Amino acid sequence: MTLPALAALLLMFVTLGYSALCAVSPFGNCRRCRGFGYQLKSDRRGRLKPGRTCRRCRGDRKRIRIGRHLFNVAARIHRDGTR
């Protein structure tokens, strides 16, 4: 098998795997708070305490995956175009 064919096969495998992940689990943990819903802060002794509510996810702790967002946009455009 040649190198370009192997690279294309690997790229196709990764793409299909990510699309399956987006179909099964469309939401992932927030990257900023890592799914806690708030930013961690430490007190003077170094113990972690909950801080402010995360600004990115607003405390929901989840974010929509990029692939799922692109799928939703494409589906919305198709639905609006075929009405």
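Residues numbered from 1 in each chain as written. Predicted model: local features only at pLDDT ≥ 70, side-chain atom pairs only at ≥ 80, totals over all residues. Heavy atoms only, no water.

Draft legend 1. Spotlight on a nonpolar patch on the surface. Among the surface-exposed residues, Met1, Leu3, Leu6, Leu9, Met12 and Leu16 lie close enough to one another that they form a single nonpolar patch of about 690 Å² accessible area. Here Met12 shows up in helix 1 (residues 3-24). (Patch = residues over 30% accessible without salt bridge, like charges linked within 9 Å, V, L, I, M, F, W, Y side chains within 5 Å. Areas by Shrake-Rupley, 256 points an atom, 1.4 Å probe, with all protein chains shown as cover. Salt bridge = Lys/Arg side-chain N within 4 Å of Asp/Glu carboxyl O. Helix = DSSP H or I, 4+ residues; strand = E, 2+ residues; numbered from the N terminus.)

Draft legend 2. Representation of unusual backbone geometry within the structure. Not every positive phi belongs to a glycine, and Arg58 is a case in point at roughly 55°. Assignment of secondary structure puts Arg58 in the loop between strand 3 (48-53) and strand 4 (62-64). Positive phi, close to 70°, is recorded for Arg61, a residue that is not glycine. With respect to the helices, strands and loops of the structure, Arg61 is situated in the loop between strand 3 and strand 4.

Draft legend 3. Just the state of the cysteines, in detail. What the rule picks out here adds up to zero disulfides. Just so you know, Cys30 is unpaired, no disulfide at all, and the nearest cysteine sulfur is the one on Cys33, 3.8 Å from it. For the unlinked cysteine Cys57, the closest cysteine sulfur is that of Cys33, found at 3.7 Å. Its relative accessible area of 7% is what places Cys57 among the buried residues. (Disulfide = S-S within 2.5 Å. Buried < 20%, exposed > 50% of the residue type's maximum accessible area, 1.4 Å probe, protein only.)

Draft legend 4. Highlighting the environment of Leu40. Relative to the elements of secondary structure, Leu40 occurs in strand 2 (residues 38-42). On a C-alpha basis, the gap between Leu40 and Gly51 in space is 5.2 Å, while along the polypeptide they are 11 residues apart. The residues contacting Leu40, other than those within four sequence positions of it, are Leu48 and Lys49. (Contact = heavy atoms within 4.5 Å.)

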